[in-house]
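Residue-level structural notes
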Amino acid sequence: MSIAAGASQSFVIAFTPNAPFVPTTVMLGFDCAGVDAAPTNIGLNTLLLSASSTPVPDIVVLAATSQNDSILHITGTTGSIAFAVATVNVGASAQITATANAGAVTLPVTITLCQTNPTSGQCLSTPASSVTTTISANATPTFGIFATASGSVPFDPANNRIFVQFGDAGGVVRGSTSVAVETQ
């Protein structure tokens, strides 16, 4: 199948596990004739996949930035900005801890988060390095993530990212998302 320049194509990818396994980062290959394969970037074009023989939380996470482009644009090298995260637990009720970080990259950015009122967007408590809350089955809690720069962050969306992860009481990541970050 050929995809014209500037066009898009949707694909459905299905997994059918035959045994339980811990969350594993699945790297999907994107390769076209006549060009190099797309590079794999954790959290950008990978999938966190797990299977369990007992019910576990399954947190689906969506991030929204102010320009709706999945990039956190921090004004200046000392500016601050926030983005929103919406979730739904399509699995079992559980105590979940939300955290946000820059992954394996060291960035001059301080990151905090809070659970928010889904109607007003106001924090339910003072932003901190993590938030622990019980997320019931089918519940849809929201979160605010705040980033303050203390230096320059170049535009490198494959590497300079803020990751938001939702882990269960055992520290197993049950959902995550990320956005690119830059100072400008």
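Quick note: structure is the one above.
So, here is what we can say about the structure in this document. (Residues numbered from 1 in each chain as written. Predicted model: local features only at pLDDT ≥ 70, side-chain atom pairs only at ≥ 80, totals over all residues. Heavy atoms only, no water.)

All right, on to the sheet that holds strand 4 (residues 71–74) then. Spatially, 4-11-10-6-8 is the arrangement adopted by the five strands of the open sheet, whose pairing is mixed. Sheet topology places strand 4 and strand 8 (130–135) at the edges, where each strand pairs with a single neighbour. With strand direction ignored, the average angle separating the axes of adjacent strands in the sheet is 25°. By the bridge criterion, seven bridges tie strand 10 (residues 161–168) to strand 11 (residues 173–183) in an arrangement that is antiparallel. Looking at the pairing, Q165 lines up with S176 of strand 11. (Pairing = 2+ DSSP bridges. Helix = DSSP H or I, 4+ residues; strand = E, 2+ residues; numbered from the N terminus. Axes fitted to C-alpha atoms, helices over the stretch in contact; angles between N-to-C directions.)

Our focus in this paragraph is unusual backbone geometry. At N68, a residue that is not glycine, the phi angle is positive and equals roughly 55°. Structurally, N68 is set in the loop between strand 3 (59–64) and strand 4. Judged by its relative accessible area of 68%, N68 falls in the exposed class. Residues other than glycine seldom take positive phi values, yet S70 does so here, at roughly 65°. By the element assignment, S70 lies in the loop between strand 3 and strand 4. A relative accessible area of 44% places S70 in the partly exposed class. (Buried < 20%, exposed > 50% of the residue type's maximum accessible area, 1.4 Å probe, protein only.)

You can see T177 is positioned in strand 11. The residues touching T177, leaving out its near neighbours within four places in the chain, are V61, A63, V85, I162, F163 and V164. (Contact = heavy atoms within 4.5 Å.)

A few words now on the state of the cysteines. Counting across every chain of the model gives one disulfide. Here C114 is linked by a disulfide to C123, with a sulfur-sulfur distance of 2.0 Å. Judged by the sign of its S-S torsion, about -65°, the bond between C114 and C123 is left-handed. (Disulfide = S-S within 2.5 Å.)

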